[in-house]
There are 2 protein chains.
Amino acid sequence: MAIKVGVVGYGTIGKRVADAVAMQKDMKLIGVTAHSYSFNTEVAKAKGYKIFTIDGDGDLKLNGIIPDGDINNLLEEAEVIVDATPKKIGKENIAKYYKPNKIKAAVQGGEKHEVTGTSFVAQCNYDEALGKDYVRIVSCNTTGLCRTLHAVNEKYGISSVHATMIRRGADPGDIHHGPINAIVPVLEMPSHHGPDVQTVLHNVEIFTTALSVPSTLMHLHTLTVDLKKKANVEDVVELFRNSTRIRVVRNAEHLRSTAEIMEFARDIGRLRGDMPEICVWKEAIGITANTHNKLLYMQAIHQESDVIPENIDAIRAMTGFKDGQKSIEMTNESFGIK
Amino acid sequence: MAIKVGVVGYGTIGKRVADAVAMQKDMKLIGVTAHSYSFNTEVAKAKGYKIFTIDGDGDLKLNGIIPDGDINNLLEEAEVIVDATPKKIGKENIAKYYKPNKIKAAVQGGEKHEVTGTSFVAQCNYDEALGKDYVRIVSCNTTGLCRTLHAVNEKYGISSVHATMIRRGADPGDIHHGPINAIVPVLEMPSHHGPDVQTVLHNVEIFTTALSVPSTLMHLHTLTVDLKKKANVEDVVELFRNSTRIRVVRNAEHLRSTAEIMEFARDIGRLRGDMPEICVWKEAIGITANTHNKLLYMQAIHQESDVIPENIDAIRAMTGFKDGQKSIEMTNESFGIK
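These numbers were taken from a predicted model, which means no experiment stands behind them.

Draft legend 1. Molecular detail of the interface of chain A and chain B. Taken together, the contact between chain A and chain B spans 45 residues of the former and 44 residues of the latter. Together chain A and chain B conceal approximately 3300 Å² of surface at their shared face, both sides included; 68% is due to carbon and sulfur atoms. Among the residues of chain A in contact with chain B, Ile183(A), Leu187(A) and Met189(A) are the three that bury the most area, contributing 22% of the side total. Taken together, chain A and chain B are joined by two salt bridges. Ionic pairing is found between Asp226(A) and Lys294(B), a salt bridge with its closest N-O pair at 3.9 Å. Those elements that provide at least two residues to the side of chain A that touches chain B are strand 9 (158-168), strand 10 (184-185), strand 11 (206-213), strand 12 (219-227), helix 9 (258-267) and strand 16 (294-301) of chain A.

This is the structure we're talking about:
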């Protein structure tokens, strides 16, 4: 029987999760929420998704959108909610809606780890989410760090990591944020990403620094990893090639920048031009020549989409699907990820 | 008797060097070169600088600029040339003009170290340039790395450094280069900056990675330094505060980004809004809590101006002024650097 899923919050993440749920053979999308009218609600309607109001029906009816009910109707039908509302609202919604209605919920990386007690990246700790009522999908940056560091840690063991995140200033459709001509460092040391990685990779010592730049397409990470065992570049390339949801991209293909990766994603027909895989540049993987135990690499993170497969796997884990590897394969197949 | 200086190449660096030479009590600007007409030549004329043609007089006369002679006239009068021509032209000019005319020349960081055999950052290795015929002023990024790493190395000793350079995509007046919406990594590992630092700080082990972003104002570096001695944050802040041509900037002052640093430079009346000091963010200085021997910091580099004081000091060193500390003080005073 299909898992009945509702999506609360229909922005950058919510609309992608809804489409992904609708694509899964073992899931049924009950509907999505809306509290005001926009092209997002028009697109949801056109896709045949039921629309449930939350906090009143705003200007929906005024614009010809007749809601299919309110959030209580959604909660009656769904057995799991993916909550993709803005930071802190997920926590409020657990208290206000999901707990009183005894409904499971996955929240996003804007919430604190303590909100659920379980933070999730499928290929790192699927089993931790098994049967849980509330699970937190970590942020796009943390997801990207966890995917590649987990692979490195399994094979070589990690003594310590320093990662710098060069973050896009705003999403492509965001007209409010910046910068448009500045580099803006995060002036706390370390940035919050390091501790956040440890909510998934519990024993990895990591400190992170971050800054924002005037670009909308992807984040870029540069990492230095002190390894417990010696490594060579070829083996690390193979390791990443053989790890799920990681894509090794090459200068030779002219995938030399975040812009070219995004154009490639559009060319291969990905919905919205998304690239949920973490892209690691082959030519930017290096090992220190003298000691062979310090690994460097650079990776690009599509902030709008890398967490979407994680949400799908979290739904399965929470509702008791025990085989994490199988869940990842099912999700990947629906996304066209090899 | 004043040192007679000519400037060959009157672009971003050349025009600033000319102004800086004109400000020194112990120097005399003989003139600058031009090979075509632009607002740069108009400004040079308005400042009363003699203009010498190189490779013909292009469209200068057509636009009402009557040259004061050609490069041979400049070479007759000057005893030192600062060559600020584009990459590789400096090398050609040594062979074509400076060597045959037995005239000393400082070239810029676009040239290879081997062109002069001496690479220069005043506070690191002034004495190496003493009496030399040809000296290379390293690039803006290398200058920035050398200034702060030299201070750290003197006090704590450096085992190794990893630096990532987030580079501005183009200078403010450059309408040809980009990116305008991408993050572009340097896909060679390590980037050339590490070896370049070693041309000045000969024994520092350093590897560097780099990328370009859509901003014009400054570069930003993030550094991880493994120290030989233990350190604490307060002492590192004091070390940078007490080192010349380094400015500790603070979040508390709202100097939180490259844009705000540049606005500050304009507010304090610096010519062209320049900031030749390397700006280190106080709040981004960190020491690992467990071992006390890994130092992190972030710094901003004004790519148009940080090498200008270096050019001035190089002129003095090449012409035999023995007291490097005194030269630095004289130069700093003329720039208003404390």
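Draft legend 2. Representation of the relation of the copies chain A and chain B in the model. Laying chain A over chain B is done by rotating through 180 degrees and shifting 0.0 Å along the axis; what remains is an RMSD of 0.0 Å. Read as a symmetry element, the transformation amounts to a two-fold axis. In terms of C-alpha distance to the rotation axis, chain A has Pro214(A) as its closest residue, with the C-alpha 2.8 Å off the axis. The residues that chain A uses at the interface reappear at the interface of chain B in 98% of cases, marking a shared surface.

Draft legend 3. Quick look at helix 11 (residues 324-335) of chain A. Residues and elements named next belong to chain A. For helix 11, spanning 12 residues, the distance from its first C-alpha to its last is 17 Å, which sits close to the expected 16 Å at 1.5 Å a residue. Turning to helix 11, its buried residues number three or more, namely Gly324, Ser327, Ile328, Thr331, Asn332 and Phe335. Taken down its axis, helix 11 places every buried residue within 130 degrees of arc, on the same side. Buried residues along helix 11 sit in contact with helix 1 (12-23), helix 5 (122-125) and helix 10 (308-318). Capping the start of helix 11, Asp323 holds a side-chain oxygen 3.2 Å from the backbone nitrogen of Gln325, two or three residues further along. Directly beyond the C-terminal end of helix 11, a positive phi value near 75 degrees is found at Gly336.

Draft legend 4. Broad picture of the packing of aromatic side chains. Tallied over the entire structure, the rule returns four aromatic pairs over all chains. Both rings, one in Phe240(A) and one in Tyr297(A), keep their centres 5.1 Å apart while their planes meet at 55 degrees; by these two values the pair is tilted. Taken together, the positions of Phe240(A) in helix 8 (residues 233-241) and Tyr297(A) in strand 16 put the pair 57 residues apart, joining distant regions of the chain. For Phe240(A), a relative accessible area of 0% translates into the label buried. Residue classification places Tyr297(A) among the buried positions, given a relative accessible area of 1%. Plain terms: the ring middles of Phe120(B) and Tyr126(B) are 6.1 Å apart, the flat faces sit at 55 degrees to each other, and that makes the pair tilted. Neither residue differs from the other here; Phe120(B) and Tyr126(B) are each classed as buried.

Draft legend 5. Here's a closer look at the domain arrangement of chain A. Residues and elements named next belong to chain A. In terms of domains, chain A is made up of domain 1 (3-138 + 307-335) and domain 2 (140-301). Computed over C-alpha atoms only, the centres of domain 1 and domain 2 are separated by 26 Å. In this assembly, 24 residues from domain 1 lie in contact with 20 residues from domain 2. Where domain 1 abuts domain 2, roughly 1800 Å² becomes buried across the two surfaces, and 49% of that area is made up of carbon and sulfur atoms. Inspection of the region where domain 1 meets domain 2 yields six salt bridges. Arg147 is the partner of Glu310 in a salt bridge, and the nearest nitrogen-oxygen pair spans 2.6 Å.

Draft legend 6. Seen up close, the packing of helix 1 of chain A against helix 10 of chain A. Residue and element names in this part refer to chain A. Following both chains from N to C, one finds helix 1 and helix 10 inclined at 55 degrees, their axes separated by 9 Å at the closest point. By the criterion of interaxial angle, the relationship of helix 1 to helix 10 is oblique. For the pair helix 1 and helix 10, the crossing hand works out as right-handed. Each of Ile13, Arg16, Val17, Ala20 and Val21 in helix 1 lies in contact with helix 10, whose residues at this interface are Ile308, Asn311, Ile312 and Ile315. In terms of residue class, the contact of helix 1 with helix 10 is made up of seven nonpolar, one polar and one charged.

Conventions we followed
- Residues numbered from 1 in each chain as written.
- Chains lettered and ligands numbered in written order.
- Predicted model: local features only at pLDDT ≥ 70, side-chain atom pairs only at ≥ 80, totals over all residues.
- Heavy atoms only, no water.
- Contact = heavy atoms within 4.5 Å.
- Buried area = accessible area lost by both parts, 1.4 Å probe.
- Salt bridge = Lys/Arg side-chain N within 4 Å of Asp/Glu carboxyl O.
- Helix = DSSP H or I, 4+ residues; strand = E, 2+ residues; numbered from the N terminus.
- Least-squares fit on C-alpha atoms with pLDDT ≥ 70 in both.
- Expected span 1.5 Å × (residues − 1).
- Buried < 20%, exposed > 50% of the residue type's maximum accessible area, 1.4 Å probe, protein only.
- Arc of directions from axis to C-beta.
- Polar contact = N/O pair within 3.5 Å; in protein donor to acceptor, adjacent residues only side chain to side chain.
- Phe/Tyr/Trp six-rings, centres within 6.5 Å; stacked < 30°, edge-to-face > 60°.
- Domains from an automatic or database assignment.
- Axes fitted to C-alpha atoms, helices over the stretch in contact; angles between N-to-C directions.
- Parallel < 35°, antiparallel > 145°, perpendicular 65-115°, else oblique.
- Left-handed = near helix turned anticlockwise from the far one by under 90°.
- Nonpolar A, V, L, I, M, F, W, Y, C, P; charged D, E, K, R; others polar.

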